[in-house]
Amino acid sequence: MIDVTKIRKDFPILKREVNGKPLVYLDNAATSQTPQQVIDVIVDYYSNYNANIHRGVHALSQEATDKYEQARIKIQKHFNAAKSYEVIFTSGTTHSINIVANGFSSLIKKGDEIIVSAMEHHSNIVPWQMLCERTGAILRVIPMNLDGELILSAYHELLSDKTKLIFCNHVSNALGTVNPIKEIIDAAHKVGAAVLIDGAQAAPHIKADVQALNADFYTVSAHKICGPTGAGVLYGKEEWLNKLPPYQGGGEMIAEVTFEKTTYADLPHKFEAGTPNICGGIAMGAGLDYMNAIGFDEIAAYEHELLEYATEELLAIDGLKIYGIAKEKTAVISFNVGEIHPYDIGSILDKLGVAVRTGHHCAQPIMDFYKIPGTVRASFSFYNTKEEVDVLVAAVKKAKSMLE
Ligand SMILES: Cc1ncc(COP(=O)(O)O)c(C=O)c1O
């Protein structure tokens, strides 16, 4: 059982007020808040051992290198990657996806097919469109139904010996749908295609096991799992990472450089050109430590309770419609009230101290599918409470009465 009162004390930001009201932070799908334990790790880094890694003989550099590599191993263990060098540090999911999309430029040819799901974040659509433009490959889309679930029978029909790559999120940021990625991966492998799973929205709620899933690539952003912005990882199977060329050239990613020829460093360094976000990587490990100490099963059970309670209370509001009612969902509720523009509701909620996101949530095709300009999205974390759900519901009622 989660002790939410105790947990909330770890998050300094939850004590603040916004517009004279206590902050009710329900924008966790955009970025999670940071516990003091992670803030302390960041302060410790810059106070005590800030130095460039992998190249110094001095004590600070070695300390920073050790901590950075320990974080890599922590992340490897968390996601059950077979090897620590299959974990590439990046600036986040967007960067991770672009490494793969660019790497495949030389492995994809005209007429090959690439499949994405209908409910992707723009960062898992645009890089593949750019890849198609470069190579002449064709982009196909797995459709979804009105409940916000992928239509798997259509997916199976799309697969053929032309299919080379599949991209799907584990959890949709706009709808909260948990996608059946194991089935998606297994079917793709039967036709010899590789699969990248965008785990940005799953990582805060689900402890993914990349070996059990048999994912070829899996991407994560630190700022969604109690870590800092500008850090994240790309997990890739060793065989794929060895096949892909590096994304960026520079220091640290080379074995030998002459003006005639450069040879690349081994994994993971081949994909880690330049000085990385050292503190970010270390703090990402600390964010995972913090969440693991609470326990992912406990987090999932508690968030599910919040989801059920908030769904019931919000649906009691006349004219409120929830988009995304998949059987498997994380604690994300996307909704509109009658014809009121989501931005107007979000602005009034902000005046009442409630932080939600409004708009297309970087998933315009989903909004086009529902023929709406956007939604109000309330996304919950393990540090939210039922009392905060009550504040949200009262605020939505007030906004409705003011705007209708
Ligand atoms: C499903 C999904 N994919 C990708 C991203 C992009 O992550 P980042 O901005 O951390 O690179 C996000 C961010 O919201 C997301 O929700």
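As recorded by an unreviewed UniProt entry, the protein chain carries the name Probable cysteine desulfurase and is attributed to Cellulophaga baltica. What UniProt states about the protein chain under its Function (unreviewed entry) heading is, verbatim, "Catalyzes the removal of elemental sulfur and selenium atoms from L-cysteine, L-cystine, L-selenocysteine, and L-selenocystine to produce L-alanine." Quoted verbatim from the Cofactor (unreviewed entry) heading of the UniProt record, the comment on the protein chain is "pyridoxal 5'-phosphate".

Give a description of helix α3 (residues 59-78) that names residues and reports values.
Owing to its 3.6 residues per turn, the α-helix brings residues three or four apart onto one side. Here α3 spans 28 Å end to end across 20 residues, near enough to the 28 Å set by a 1.5 Å rise per residue. Residues of α3 that are buried: S61, A64, T65, Y68, A71, R72, I75, Q76 and H78. In this fold, the buried residues of α3 make contact with α2 (36-49), β4 (87-90), β10 (232-236), α10 (278-294) and α11 (296-315).

An account of the state of the cysteines is needed here, citing residue identities and associated values.
Under the defined criterion, the tally for this structure stands at zero disulfides. Left unpaired, C168 is separated from the closest cysteine sulfur, that of C132, by 16 Å. The closest cysteine sulfur to the non-disulfide-bonded C279 is located on C226, 15 Å from its own sulfur.

Describe the packing of α2 against α10, and please don't skip the residues or the numbers.
It is at 9 Å that the axes of α2 and α10 come closest, and there the two elements cross at 150°. Classified by the angle their axes make, α2 and α10 are roughly antiparallel. Every pair of crossing elements has a handedness; the one defined by α2 and α10 is right-handed. Only I278, C279, I282, A283, A286, G287 and Y290 of α10 make contact with α2, whose side of the interface consists of Q37, V38, V41, I42, Y45, Y46 and Y49. Of the residues contributing to the contact of α2 with α10, the split by class is 12 nonpolar, two polar and no charged.

Any chance you could break down the packing of aromatic side chains for me, citing the residues and the numbers?
Applying the stated rule across the entire model yields 15 aromatic pairs. Here the aromatic rings of F11 and Y383 are separated by 4.5 Å at their centres, their planes lie at 45°, and the arrangement is tilted. Residue F11 is located in the loop between α1 (4-9) and β1 (17-18), and its partner Y383 is located in the loop between β17 (375-379) and α14 (386-403); the two are separated by 372 residues in the primary sequence. Judged by its relative accessible area of 0%, F11 falls in the buried class. Taking 5.1 Å as the distance between ring centres and 80° as the angle between the ring planes, the aromatic pair formed by Y45 and Y49 counts as edge-to-face. Taken together, the residues span about one helical turn, with Y45 and Y49 both in helix α2 at a distance of four residues. An identical accessibility class is assigned to Y45 and Y49; each is buried. Put simply, the rings of F11, Y290, F382 and Y383 touch in pairs and so form one group of aromatic residues. K386 extends its terminal NZ or CZ atom over the ring of Y309, reaching a point 5.3 Å from the ring centre.

With reference to specific residues and values, describe the nonpolar core.
Within the largest apolar cluster, 104 residues are counted, with the highest numbers of intra-cluster contacts made by Y155, Y218, F380, F382 and L392. The element best represented in this core is α10, accounting for eight residues. Mapping this core onto the domain boundaries places at least three of its residues in each of domain 1 (4-30 + 295-403) and domain 2 (39-292). Discounting residues that sit within four places of it in the chain, F380 has contacts with L26, N28, H205, E303, L306, A310, A331, I333, V389 and L392.

Please provide a residue-by-residue account of the site of the ligand, values included.
The ligand sits among T93, T94, H121, S123, N173, D198, A200, Q201, S221, H223 and K224. D198 places a side-chain nitrogen or oxygen 2.5 Å from a nitrogen atom of the ligand. Within the contact set of the ligand, an oxygen atom lies 2.7 Å away from a side-chain nitrogen or oxygen of Q201. Burial of the ligand by the protein chains amounts to 85% of its free accessible area of 390 Å². Among the residues making up the shell around the ligand, the classes are represented as one nonpolar, eight polar and two charged.

If you had to explain the environment of A215 to someone new, which residues and values would you point to?
As for its position among the elements, A215 is in the loop between α8 (210-213) and β9 (217-221). Residue class for A215 comes out buried when judged on its relative accessible area of 0%.

Let's hear about the pattern of salt bridges: which residues, and what values?
For the coordinates displayed, the defined rule picks out 13 salt bridges. D27 serves as the salt-bridge partner of R377, at 3.6 Å between the closest nitrogen and oxygen. In this pair, R377 is assigned in strand β17 and D27 in the loop between β3 (24-25) and α2, connecting sequence segments 350 residues apart. One exposure class covers both R377 and D27, and it is buried. In the salt-bridge network here, residues are joined through shared partners; they are D27, R357 and R377.

Give me the domain arrangement of the protein chain: which residues, what numbers.
The domain boundaries assigned to the protein chain delineate domain 1 (4-30 + 295-403) and domain 2 (39-292). Computed from C-alpha atoms alone, the centre-to-centre distance between domain 1 and domain 2 is 28 Å. Taken residue by residue, the interface counts 34 residues in domain 1 and 34 residues in domain 2. Carbon and sulfur atoms make up 60% of the surface buried where domain 1 meets domain 2, a total of about 2,700 Å² over both sides. Looking at the side of domain 1 facing domain 2, the largest losses of area belong to F296, T330 and I366, adding up to 25% of the total buried there. The tally of links from domain 1 across to domain 2 stands at one salt bridge. Between E149 and K327 there is a salt bridge, and its shortest N-O distance comes to 3.4 Å. On inspection of domain 1 and its partner domain 2, the count reaches 20 residue pairs in polar contact (both at pLDDT 80 or more). Element by element, the count of residues in the side of domain 1 that touches domain 2 is highest for helix α13 (residues 364-370), at six residues. Looking at side-chain class alone, the side of domain 1 that touches domain 2 contains 21 nonpolar, seven polar and six charged residues.

Conventions we followed
Residues numbered from 1 in each chain as written. Predicted model: local features only at pLDDT ≥ 70, side-chain atom pairs only at ≥ 80, totals over all residues. Heavy atoms only, no water. UniProt positions renumbered as here; feature names shortened; annotations may be inferred. Helix = DSSP H or I, 4+ residues; strand = E, 2+ residues; numbered from the N terminus. Expected span 1.5 Å × (residues − 1). Buried < 20%, exposed > 50% of the residue type's maximum accessible area, 1.4 Å probe, protein only. Contact = heavy atoms within 4.5 Å. Disulfide = S-S within 2.5 Å. Axes fitted to C-alpha atoms, helices over the stretch in contact; angles between N-to-C directions. Parallel < 35°, antiparallel > 145°, perpendicular 65-115°, else oblique. Left-handed = near helix turned anticlockwise from the far one by under 90°. Nonpolar A, V, L, I, M, F, W, Y, C, P; charged D, E, K, R; others polar. Phe/Tyr/Trp six-rings, centres within 6.5 Å; stacked < 30°, edge-to-face > 60°. Lys NZ or Arg CZ within 6 Å of the ring centre and 35° of its normal. Core = buried A, V, L, I, M, F, W, Y, C linked by side-chain atoms within 4.5 Å. Domains from an automatic or database assignment. Near = heavy atom within 4 Å. Polar contact = N/O pair within 3.5 Å; in protein donor to acceptor, adjacent residues only side chain to side chain. Areas by Shrake-Rupley, 256 points an atom, 1.4 Å probe, with all protein chains shown as cover. Salt bridge = Lys/Arg side-chain N within 4 Å of Asp/Glu carboxyl O. Buried area = accessible area lost by both parts, 1.4 Å probe.

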